Structures are given as C-alpha cells and as structure tokens.
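Close look at the chain arrangement
The residues making up each chain are set out below.
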Amino acid sequence: MKNCHSNPKNGYRIAPSPTGYVHLGTVATALVNSYLARQNGGRFYLRIEDTDSKRYVADAVAKMKDCFKYFGIEFAETYVQSERAEIYQKYAHDLVKQGKAYYCFCTEDDLSQMRATQVKNNEPTGYYGKYAKCRHLSAEEVQQRIQAGQPYVIRANFGYQDWGERIVFNDAGRGEIALLPQVNDPIILKANGLPPYNFAHVIDDTLMGTALVIRGEEWLISTAEHIQLCDLLGFPRLNYLHMPTINIEDNGKKRKLSKRKDPQALVMNLVDAGYPREAIFEYLLTIYNSDFELWRTANPSAPLTDFEFKISKIGTNNPLFDLPKFNDIAKNVWARYDHATVVKMFNAWDWQKLPNITPTIKNRLEAMLGVERGGERPRKDLIKLEDIPDLYSYMWDEIVVDGQDFDRNLLSAYAEIYDANDDKDTWWQKIKNMAPDKPTLRALTGQVRLAVTGKTNTPDLWAICRILGNDVVKARLTRW
Ligand code: GLU
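Residues numbered from 1 in each chain as written. Predicted model: local features only at pLDDT ≥ 70, side-chain atom pairs only at ≥ 80, totals over all residues. Heavy atoms only, no water.

1. Brief notes about the overall build of the protein chain
When helices and strands are counted, the protein chain shows 18 helices and twelve strands. The C-alpha atoms of the protein chain give a radius of gyration of 31 Å, which is well past the 23 Å a tight globule of 480 residues would have. Reported as C-alpha extents along the three principal axes, the dimensions of the protein chain are approximately 105 × 45 × 45 Å. Evaluated residue by residue, the protein chain yields a buried proportion of 50% over its 480 residues. For the protein chain, long-range pairs separated by at least 24 residues make up 74% of all intrachain contacts whose partners lie at least 6 apart in sequence. (Helix = DSSP H or I, 4+ residues; strand = E, 2+ residues; numbered from the N terminus. Rg over C-alpha atoms; globule rule 2.2 N^0.38 Å. Buried < 20%, exposed > 50% of the residue type's maximum accessible area, 1.4 Å probe, protein only. Contact = heavy atoms within 4.5 Å.)

2. Describing the pattern of salt bridges
This model, assessed by the stated rule, comprises 28 salt bridges. The salt bridge involving aspartate 185 is made with arginine 135; its shortest N-O contact spans 2.9 Å. On the criterion of sequence distance, the pair formed by aspartate 185 in the loop between strand S7 (175–179) and strand S8 (187–189) and arginine 135 in the loop between helix H4 (108–120) and helix H5 (139–147) is long-range, its members being 50 residues apart. With relative accessibility at 18%, the residue arginine 135 sits in the buried group. The salt bridge involving arginine 379 is made with aspartate 381; its shortest N-O contact spans 3.1 Å. Within the structure, one salt-bridge network assembled from shared partners comprises Arg13, Arg47, Glu49, Arg84, Asp204 and Asp205. (Salt bridge = Lys/Arg side-chain N within 4 Å of Asp/Glu carboxyl O.)

3. Here's the deal with empty space enclosed by the protein
Where empty space is left becomes clear once a probe the size of a water molecule has been rolled over the atoms. Per the counting criterion, the structure on display carries one cavity of 30 Å³ or more. Put simply, the largest cavity is a space of about 60 Å³. Along its surface, the largest cavity is lined by Met368, Leu369, Val371, Glu372, Arg373, Arg379, Asp381, Tyr392 and Pro459. (1 Å grid on protein atoms, 1.4 Å probe; cavity = no way out; pocket = protein on both sides within 12 Å on 5 of 7 lines; lining within 4 Å. Points joined across faces, edges and corners; volume = space filled by probe spheres on them.)

4. A few points about unusual backbone geometry
Backbone geometry at asparagine 122 places phi at a positive 60°, although glycine is not the residue there. According to the relative accessible area criterion, asparagine 122 is exposed, its value standing at 73%.

5. What to know about the site of the ligand
Every residue lining the ligand is accounted for by Arg13, Ala15, Ser17, Glu49, Tyr197, Arg215 and Trp219. Summarising the interface, the protein chains cover 80% of the accessible area of the ligand, which totals 300 Å² for the free molecule. Classifying every residue of the shell around the ligand by side-chain character gives three nonpolar, one polar and three charged. (Near = heavy atom within 4 Å. Areas by Shrake-Rupley, 256 points an atom, 1.4 Å probe, with all protein chains shown as cover. Nonpolar A, V, L, I, M, F, W, Y, C, P; charged D, E, K, R; others polar.)

6. Points about the side chain of glutamate 366
Mapped onto the elements, glutamate 366 comes out in helix H13 (residues 359–368). A distance of 3.0 Å separates the side chain of glutamate 366 from the side chain of asparagine 347, its partner in a polar contact. (Polar contact = N/O pair within 3.5 Å; in protein donor to acceptor, adjacent residues only side chain to side chain.)

7. A closer look at the side chain of glutamate 217
For glutamate 217, the location among the structural elements is in the loop between strand S9 (213–216) and helix H7 (223–233). You can call glutamate 217 buried: its relative accessible area is 19%. Here threonine 245 takes part through its side chain, which lies 2.7 Å from a polar atom of the side chain of glutamate 217. Beyond its immediate chain neighbours, meaning those up to four positions away, glutamate 217 contacts Arg174, His242, Met243, Pro244, Thr245 and Asn318.

8. Some thoughts on the sheet that holds strand S2 (residues 43–48)
Read from one edge of the open sheet, three strands run S1-S2-S3, paired in parallel fashion. Two strands close off the open sheet at either side, each with one partner strand: strand S1 (11–14) and strand S3 (77–80). Put simply, the sheet's adjacent strands are angled 30° from each other on average, direction ignored. As defined by bridge partners, S2 adjoins S3 across four bridges and the pair is classed as parallel. Across the sheet, arginine 47 pairs through a bridge with tyrosine 79, a residue of S3. The sheet contacts of helix H1 (residues 24–39) involve S1 and S2, and relative to S1 the element is tilted by about 170°. (Pairing = 2+ DSSP bridges. Axes fitted to C-alpha atoms, helices over the stretch in contact; angles between N-to-C directions.)

9. As for the sheet that holds strand S4 (residues 101–104)
Spatially, the three strands line up as an open sheet ordered S4-S5-S8, and their pairing is antiparallel. Where the open sheet ends on each side, the last strands, each with one partner, are S4 and S8. Across this sheet, the average inter-strand angle for adjacent strands is 45°, counted without regard to direction. As judged from the four bridges shared by S4 and strand S5 (residues 153–156), these two strands associate in the antiparallel manner. Of the residues in S5, the one forming a bridge with alanine 101 is alanine 156.

10. With respect to helix H18 (residues 461–477)
In this model H18 runs just 14 Å from its N-terminal to its C-terminal C-alpha over 17 residues, more than 12% under the 24 Å that 1.5 Å per residue would give. Maximum bend of H18: about 110°, positioned at glycine 469. When H18 is considered as a whole, its buried residues turn out to be Leu461, Trp462, Ala463, Ile464, Cys465, Leu468, Gly469, Val472, Val473, Arg476 and Leu477. Where H18 is buried, its residues contact H13, helix H15 (408–417), helix H16 (424–434) and helix H17 (438–453). (Expected span 1.5 Å × (residues − 1). Bend = angle between axes of the 7 residues up to and from the residue.)

Spelled out as structure tokens, the structure:
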C-alpha cells in the first residue's frame, strides 16, 4: 500500500476517469494545472479514477496516456484508484468505529420502495432522517448480517452532526460560494469494496497533498458533500477551483461540448485532423485566460511556457468553442514554424491516409510546405494537415482544369520557353517578355496559374512550378 502521508501540500493534478478518449476539457485542466505547478514550484500528478467499473472502457487508460504523452504533458506521479482500495476501506471502517459512518444492508428493492413512499408523501427522496434505516442497526445485528453474508455498503452518517444552513467555501475562481448541505447519508464504500468519487476524491486529494483541486464546474454543487466528508474524516478542508465548461452553440442554443455529438470534444480527433498541438494549447489558453491574446500579440514568437497564468483571469462564463477562431490560431501557429519543423510534423502525422499518396507526391508536398514560409509575412493558409489535398491539390497528378477559356497558342508558346531551373527573376522576365502590357501580363499569369494548378489563387507560382518540374508543367500547359 503506497503511503502518501509525506506528500507536501503542493500538488496539482488531473483525475480523469478512463471512460473513453480524452476530452478537450481534460487537456485544458491539465494545461492550467501544469502552469500552476510550474509557477508555484509544485508537483503535477495524474490520478486515474477507475473505481466505476460500469463505465470502464478497456483500452482507455493506454489511450489516455498516449494522448498526454503526445501533448508533452508529464506527470511527477501516477496513481490508480483501483489499486488503492485498502486505503479507502481503512478510512471508511475507521469512520464506522467512530460512529461517523455505518453499514447499510438496504437492497435495491428496499431503496425503490423507500423512494416510492417519499414520492407519495411529497417528501424529498433520499437516504436521510427516519428513512436512513440502517443508521440505527445495533452492533449485534450488523455482525449477524455480515456473518450471514449479506452484501452491504458503508454510508457516511451525516445525521451525526448539525451542518448548519449552508456550507460556505471560497472557490479560487468564483469567490465565496454557499451551498446547501447534503442531508442524505451518501455511500462512501460500495458493495464491491470500492469508493464512489466523493469519498475517493477527499481521501486522495488530502493524502496526495493537492494544493488546489481544479475540476469541472459540474462538481461545484457536490462540493458541499465533499466538505462534509472532509470534516467527518477530520481532514483540513481542501481548496477548490471549478473551471467553466466549454460550450458549443447548436442551433442558436448553448450546450456542453459533447463527446458523442462534437468531434472537436475529443482532443485526439483534432490531432488526427492535423491541427498542431500548440494550436490546441493556444486556443485553450485563449478561452481560459482573458489576457492570453494580449500577451501573444505582444510576444508573437515567445514559447508558451513564458506566459504567466493567472487564476483570476479564468472567469466564470462558459467559453464557446469557436471553430473560426480556433482555425485562425492554428494558421498563426503553422506560420510561426520553419520548413524543417513543418516537414517533421507532417511526417509524424498519419500522412499515409492522404488519397493516392506516392513517394513523388509526398516529396512534392514536403517541398510545398516550405513555400512562402518564414520572412516578414509568412503565408497563412494551412489550418490542419488533413486539408492538404484541397489546399495543394495541384501537387497530385490528376487535376481538374476547365480549359475552355484558355489561349492555347499563348500557353504552348510559354511551354516552349519554360524552364524549371530558372531563378525567380529569369522566370519573371520570360513571362514579361511575352506580355506587351499589364492586362496581357495579368491574363498570362492567370492562365498559367489556372492551367498548372487548377486554381485562380495560389502561393508563389514560380515555386509551385519548380516543385512540379519541367515535364509536369509543360504537360499541363499543353494538354489540349
Ligand atoms: N474523475 C472526475 C472526472 O473525470 C475528476 C474530477 C476531479 O478532477 O476531481 O470528472
């Protein structure tokens, strides 16, 4: 059994449940925690909350770890709750000994009958007051039932104490919050010997020395219960920060970003689409820190780790996932990279899934990724690698060109003199020599561009033609 008593209270953590793939909100929480750990000289650790076996997804832990690794999120420690059952059991049984918790043998049937009675009497449903039947079982009866092999859970005895009207705490992001106390006696140890989230959270964050529990705002209301459990256990209360959930606008209505409906909710979908991970970080910082954009504008090429994250700038409004904004950030992020970096990222990405990709096409694309890169005003066209077949369609052999309006004589005359070895000035001079005036010049370059690329607007035409080479360019200029 791992002893955590010695942990100083300087921990920051994420505590995902392995119920599927990693949610964008989890990466946001990880990002905030890693900033705070770095800024405060704290530890950053991972706790896998796998005590809910019903929701368990087989390869989720491995997938999660791969994802964190991909994002360069590193943990000083990793804990797995299912390996810590004995710790929770010890605390639960200690509470029983002190009369602060008790065995409950109520079956599903008992509980649904209880609820039916409560509903009929117009009373709040739950395990409280006179309905908390097992609260008053004698020690002998408990012994007998256990010996007879009756399954049981352990419930916290909240009726043991007067909690006052409100449980008040200071949320690091929201300020003072007053919540109604939990009046039900919650389960702290399930029949399978594992705790639900409420109990495991309080014990783990105490033993692991969490300085600030940063979690989604969906936990805000249950914080009363968590504080009550802390008090029951005689632990000092924990500090909390509840992060606003990322929303999305769906038919004019705001709702939570959903794993099932919104591909962008699962962060690996964004990675698979070929967004740079830095764009994901930047976007999350933009929505979770109101001064990040100003900082980025003032420090366009500074590493993200230079940014000072302030809790006070998180805000309490639900940020909206705004795709155009995210895409814009991605464009700026790509534009900051040099050619070698982009090629490396392209190779690390699953480029094999691009249609009809041959070694020749791949080489062309790698060269294309360097066109108009660097310099004062780098080209900002790339959003995600998945868009490459649309963006740079002309790097493939089969391109669609509508040749109706072409001046075929002019294009074949140009094909005669085109040479991919020409430097840019020579290339430009040759074009100019063929066009006596500005309108003709514009028409000629427009025709060449369209014939070679199928597009009216492209990056540097000279560079594109050089990548394609003499044979391809000439064939495209004279295909009629
Ligand atoms: N396992 C909880 C979740 O995935 C974690 C909440 C927390 O961070 O304490 O929502």
